[in-house]
Amino acid sequence: MPEYVEFQLEGKCVRLPIIEGTAGEKAIDISTLREQTGYITLDSGYGNTGSCESDITFIDGEQGILRYRGIPIEELAEKSSFVETAYLLMFGHLPTGTELHQFSKLLTENELIHEDMKYHFEGFPSNAHPMAILSSMINASGCFQPQMLAAHSRRTFDLHAARLVSQVRTIAAFAYRKSHGLPIIYPKPIYKYSANFLHMMFSEPYCDYELKPEVVRALDLIFILHADHEQNCSTSTVRMVASSRASLFAGAAAGVCALWGPLHGGANQAVLEMLKKIYEDGDDGTKFIAAAKDKKSKNRLMGFGHRVYKNYDPRARIIKQRCHELLDALKIDDPLLEIALNLEKAALTDPYFVERKLYPNVDFYSGIIMQAIGIPVEMFTVIFAIGRMPGWIANYRETIEDRNSRIYRPRQIYQGSPLRHYVPIADRETK
Ligand code: SDX
């Protein structure tokens, strides 16, 4: 591989270094381009632009590979837990028994939010979207523990990270209970991470929710599969916020807002709504696929396509398998799964999708599992946010601990009006 790339620009020889990642990805480092040439690059949507070097997650979109800190997602899905995977992402290695015990203890000690935060939930209308509540309350929780807004130090970071991973679950469950007029259910120290979330979501004051092992495991898997995904839209947002040295809570709240979009994390809710509409229309998917291919229809086959994966999303493959297992175990016959399978089969042989390398992504089947667990559709993206929290925290930390990290401030190419001057209102012709 050459050490640099050289080209002529306006009679000048420009030389830019080439760098290679540990998995063989190559990049032209353009950090001196403007200084050498006065030119910048333009790459709408950053499809060809790396924003950083990172040690956290590796994706190979052509091969359909996803690894957290070098470990394949398939191995973590089969052998790990969400808490252990969260530790791996945030601290860079699989924890020893002692480290895992201490981290779990920290999560338990910090699972309660400040009691006064309860009053904030009263302020939201009952139909407020839980993602709006989640982002607001994450920011609010920083106000109740101002020491968490203090400048970053490695010692305190671990506590802040544990608090956020633990409390995002509590805030989400409280938001759900309040929006359904249900009494808040407090976390129980005897329950592990995912079980405690289900307890806070579905228990009643007079009896605890029955924690079926296959349901707890399915939710833990959903969290593992969503835990990180390199520089996706919401993670890049968190890094953008971290680059200005705003607090971890501000970064996480911003991540929630970016994730909410239907083209990103909001797709899991959009997939379920799409499948339900196809089912209610009595369509076997044929009509919907035709509409998804028609530019004028603005329809998209939600849960399909990906900026990076031009092959099957490895997470979708795992979720699809677990979908069948969970529905069999719970004896649920969900017609939406049948529709999803037919849609996938039709799309994977349709030239429109094949030519554009559009495959099912993580959101295509996740909603069916979440619906089987009993998670209401408006909470699907909140589940995604709970899972993604360790990835956001790991990227936030990497940004602020990177000595070379500068504030993110992209350039632009101006296409607006040339120079013109102020015109007093009396002289402006009426339109
Ligand atoms: C996530 O980045 C991440 O890693 C995200 C994520 C993570 O873990 O953080 O993996 C999570 O966000 C998964 C993606 C969830 N979103 C959806 O399922 C929404 C539906 N998919 C798309 O809207 C789309 O595929 C994106 C947003 C995912 C990717 O968009 P790109 O890379 O900008 O692709 P594009 O819009 O430029 O599409 C390229 C072509 C276009 O057609 P042409 O102009 O070439 O004719 O493919 C078409 C698009 O119209 N296309 C689709 C389609 N996705 C792309 N056509 C129909 N249905 C679709 N789903």
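(A) Geometry of the overall build of the protein chain. On a plain count of helices and strands, the protein chain comes out with 18 helices and six strands. Computed over C-alpha atoms, the radius of gyration of the protein chain comes to 24 Å, within 12% of the 22 Å expected from 2.2 N^0.38 for 431 residues, which places it in the range of a compact globule. Here the C-alpha coordinates of the protein chain stretch approximately 80 × 65 × 55 Å along the principal axes. Burial statistics for the protein chain: of 431 residues in total, 47% are counted as buried. Accessible surface computed for the protein chain: about 22,100 Å², of which carbon and sulfur atoms make up 54%. On the protein chain, the mean spot of the 48 positive side-chain charges and the mean spot of the 52 negative ones are 4 Å from each other.

(B) Geometry of the packing of helix α10 (residues 233-243) against helix α18 (residues 380-401). Relative to each other, α10 and α18 sit at 35°, their axes nearing to 9 Å. Relative to α18, the crossing made by α10 is right-handed. Taking contact as the criterion, the partners of S234, T235, V238, R239, A242 and S243 in α10 are, on α18, R388, W392, N395, Y396, E398, T399 and I400. When the residues that make up the contact of α10 with α18 are grouped by side-chain class, the tally is five nonpolar, five polar and three charged.

(C) Local environment of the sheet that holds strand β6 (residues 71-72). In space, the three strands of this open sheet follow the order β4-β5-β6, with antiparallel pairing throughout. Taken across any chain shown, the strands that pair with only one partner, and hence form the sheet edges, are β4 (57-60) and β6. Here β4 pairs with strand β5 (residues 65-68) via four bridges, running antiparallel. Bridge assignment links T57 to a residue of β5, and that residue is Y68.

(D) Geometry of the packing of aromatic side chains. Applying the stated rule across the entire model yields 16 aromatic pairs. Between F197 and F223, the aromatic rings sit 6.3 Å apart at their centres with planes inclined by 70°, giving edge-to-face as the arrangement. Pair noted here: F197 is in helix α8 (residues 193-202) and F223 is in helix α9 (residues 213-225), with a separation of 26 residues, a long-range link. If you follow R15 out to its NZ or CZ, it ends over the ring of Y4, 3.7 Å from the centre. The residue whose ring lies beneath R169 is Y193, and the NZ or CZ to ring-centre distance is 4.2 Å.

(E) Here's a closer look at α10. Listed as buried for α10 are S234, T235, V238, R239, V241, A242 and S243. Buried residues along α10 sit against α11 (248-259) and α18. R245, located one to two residues past α10, shows a positive phi value of around 70°.

(F) Structural view of the pairing of strand β2 (residues 12-20). Sheet topology note: the strand β1 (residues 4-9)/β2 ladder contains six bridges and is antiparallel. Paired with L9 across the bridge in β2 is K12. In sequence, β1 turns back onto β2 through a hairpin of two residues, with E10 there showing a positive phi of about 50°. Two elements, β2 and strand β3 (residues 26-28), share three bridges in a ladder whose sense is antiparallel. Across the sheet, residue I19 finds its bridge partner in β3, namely A27. Linking β2 to β3, which pair antiparallel, is a turn of five residues; within it G24 sits at a positive phi near 90°.

(G) Structural view of the pairing of β4. The two faces of β4 match: T57 and I59 on one face and F58 and D60 on the other face are all buried. The loop that links β4 with its antiparallel partner β5 comprises four residues; one of these, G64, has a positive phi angle of about 70°.

(H) Molecular detail of the environment of P213. Structurally, P213 can be placed in helix α9. Residues P213 and A292 lie 79 residues apart in sequence; the distance between their C-alpha atoms is 38 Å.

(I) Structural view of the layout of surface pockets. Empty space within the second largest pocket amounts to approximately 340 Å³. If you go around the second largest pocket, you meet 19 residues; those closest to its centre are V83, S104, Y191, K192 and Y193. Among the secondary structure elements, those contributing two or more residues to the lining of the second largest pocket are α3 (82-91), α4 (97-109), α8 and α9. Residue composition of the lining of the second largest pocket, by class: ten nonpolar, five polar and four charged.

(J) Region of interest: the site of the ligand. Taken together, 24 residues form the shell around the ligand, and within it H229, R300, H306, R307 and R315 come nearest. Note that an oxygen atom of the ligand is positioned 2.9 Å from one of the side-chain N or O atoms of H264. One nitrogen or oxygen atom from the side chain of K295 is found 3.0 Å from an oxygen atom belonging to the ligand. Taking 1,100 Å² as the accessible area of the ligand by itself, protein coverage stands at 77%. Taken together, the residues that form the shell around the ligand break down as ten nonpolar, seven polar and seven charged.

(K) How the structure looks around the packing of α8 against α9. One can describe the packing of α8 onto α9 by two numbers: an axis separation of 9 Å at closest approach and a directional angle of 110°. When the axis of α8 is compared with that of α9, the two are roughly perpendicular. Contact residues: α8 offers Y193, S194, A195, F197 and L198, while α9 offers V215, V216, L219, D220 and F223. Per-class residue counts for the contact of α8 with α9 are eight nonpolar, one polar and one charged.

(L) Quick look at the side chain of T57. Summarising the element assignment, T57 is placed in strand β4. A residue is classified by how much of its surface remains accessible, and T57, at 11% relative accessible area, is buried. Reaching out from T57, the side chain makes a polar contact with the side chain of D228 at a distance of 2.5 Å. Contacts of T57, omitting those with residues within four sequence positions, involve L66, R67, Y68, L89, D228, H229 and E230.

Cut-offs and rules
Residue positions are given per chain, counting from 1 as you read along its sequence in written order. This being a predicted model, a pLDDT of at least 70 is required before a residue's local features are given, and a value of 80 or more before pairs of side-chain atoms are given or counted; all residues contribute to the totals for chains, interfaces and linings. Hydrogens and waters are ignored; side-chain quantities use all the structure's heavy atoms. Working definition: helices are DSSP H or I runs of at least four residues, strands are E runs of at least two. Numbering for both runs from the N terminus. C-alpha atoms define the radius of gyration in this analysis, and the globule rule sets the expected value at 2.2 Å times the number of residues to the power 0.38. Relative accessibility decides the category of a residue: with a 1.4 Å probe and only protein chains considered, values under 20% of the type maximum give buried, values over 50% give exposed, and everything between is partly exposed. Note that accessible areas follow from Shrake-Rupley with a 1.4 Å probe, and for residues the cover is restricted to the protein chains shown. Positive charge is attributed to Lys and Arg, negative charge to Asp and Glu, and no charge count is given to His or to the chain ends. The location of each charge is read from NZ of Lys, CZ of Arg, CG of Asp or CD of Glu. Each axis is a line fitted through C-alpha atoms, and for a helix only the stretch in contact is used; angles between axes span 0 to 180 degrees, taken between their N-to-C directions. Whether a crossing is left-handed or right-handed is set by the direction in which the near helix is turned from the far one by less than a right angle, anticlockwise for left-handed and clockwise for right-handed. Throughout, a residue-residue contact means that at least one pair of heavy atoms, one from each residue, lies within 4.5 Å. Gly is put with the polar residues, along with every residue not named as nonpolar or charged; the nonpolar set is Ala, Val, Leu, Ile, Met, Phe, Trp, Tyr, Cys and Pro, and the charged set is Asp, Glu, Lys and Arg. Any two strands with at least two DSSP-identified bridges between them are counted as paired. Two rings from Phe, Tyr or Trp (for Trp, the six-membered ring) form a pair when their centres are within 6.5 Å of each other. A pair whose planes differ by under 30 degrees is stacked, one over 60 is edge-to-face, and the rest are tilted. For a ring to carry a charge above it, either NZ of a lysine or CZ of an arginine must fall within 6 Å of the ring centroid while also lying within 35 degrees of the normal to the ring plane. Whether a set of points on the 1 Å grid over the protein atoms alone is a cavity depends on a 1.4 Å probe fitting there but being unable to get out, while an open set qualifies as a pocket with protein on both sides within 12 Å along at least five of seven lines; lining residues are those with an atom within 4 Å of a point. Grid points are joined across faces, edges and corners, and a volume is the space filled by probe spheres set on the points. We call a residue near a molecule or strand whenever a single non-hydrogen atom of that residue lies within 4 Å of it. For this analysis, a polar contact is any N or O atom pair within 3.5 Å, provided that within protein one partner can donate a hydrogen and the other can accept it, and provided that sequence-adjacent residues contribute only side-chain to side-chain pairs. Comment on the angle field: the value is read as roughly parallel under 35 degrees, roughly antiparallel over 145, roughly perpendicular from 65 to 115, and oblique elsewhere.

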